[in-house]
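Structural overview
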Amino acid sequence: FPVTIGCTFGKVDYLNSPAFDIEYVLLMLRARSAGENIEFGYACPHCRSVSNHVVNVEDVKVVGKAEPNIKISNSIYLVMKYPTVAMACESDVDEMDIFTQAAKCVQSVVNGEEVFEVADQPFKEVVAFIEGLTERQLEDVRKFFDSIPKLHYSKEYECPSCKEKINMVLIS
């Protein structure tokens, strides 16, 4: 990722930026340095025949928007932030449980007029707070993660082998 520092003249804080933003920056840097087209093979979901395709990276878009405020009760809500590259680069991210991952994305807890910044709280207490949420509340947290912006590309084509119409969708 240090290439983003040099190529963006230090104006992009790649470690603390949302992962989807850095994916997009890297894709656009790739387009400028190696060309806009990427060739790849795609297997037809019907007959499994692989056909070659070309994606113009200029056609890849960032889609989605997650609502950062998650209502916990009538007076309490979480203010979430998108996962960053730094979070993704942590060595134990694959072994991190869902509660820890969610706790890392909580920016603040609002209770009426009071705002509790998570950075000012012991992290274990934040994880314990997330672990104490009800199933419905955790479902709302999951919806936040499901709606985080992603890189998206789609293309309709006809499989050269079985002639089925295919809507190829590539998502980061």
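Residues numbered from 1 in each chain as written. Predicted model: local features only at pLDDT ≥ 70, side-chain atom pairs only at ≥ 80, totals over all residues. Heavy atoms only, no water.

1. Some words on the pattern of salt bridges
In this structure the tally under the stated criterion is six salt bridges. Between Arg32 and Glu58 there is a salt bridge; the shortest N-O distance is 2.7 Å. In this pair, Arg32 is assigned in helix H2 (residues 19–34) and Glu58 in the loop between strand E2 (50–56) and strand E3 (61–63), connecting sequence segments 26 residues apart. Across the pair Lys165 and Glu158 runs a salt bridge whose closest N-O atoms are separated by 3.4 Å. For Glu158, a relative accessible area of 40% gives the class partly exposed. Ionic contacts of the salt-bridge type, sharing partners, join the residues Arg136, Asp140 and Lys143 into one network. (Salt bridge = Lys/Arg side-chain N within 4 Å of Asp/Glu carboxyl O. Helix = DSSP H or I, 4+ residues; strand = E, 2+ residues; numbered from the N terminus. Buried < 20%, exposed > 50% of the residue type's maximum accessible area, 1.4 Å probe, protein only.)

2. Here we look at the environment of Leu170
Its location among the elements puts Leu170 in strand E9 (residues 165–171). On the accessibility criterion, Leu170 (30% relative accessible area) is partly exposed. Remark: the alpha-carbon pair of Leu170 and Asn111, spanning 59 residues in sequence, is separated by 40 Å. Apart from the residues lying within four places of it in its own chain, the contact partners of Leu170 are Phe40, Tyr42, Val55, Leu151, His152 and Tyr153. (Contact = heavy atoms within 4.5 Å.)

Read these as geometric descriptors, not functional statements.
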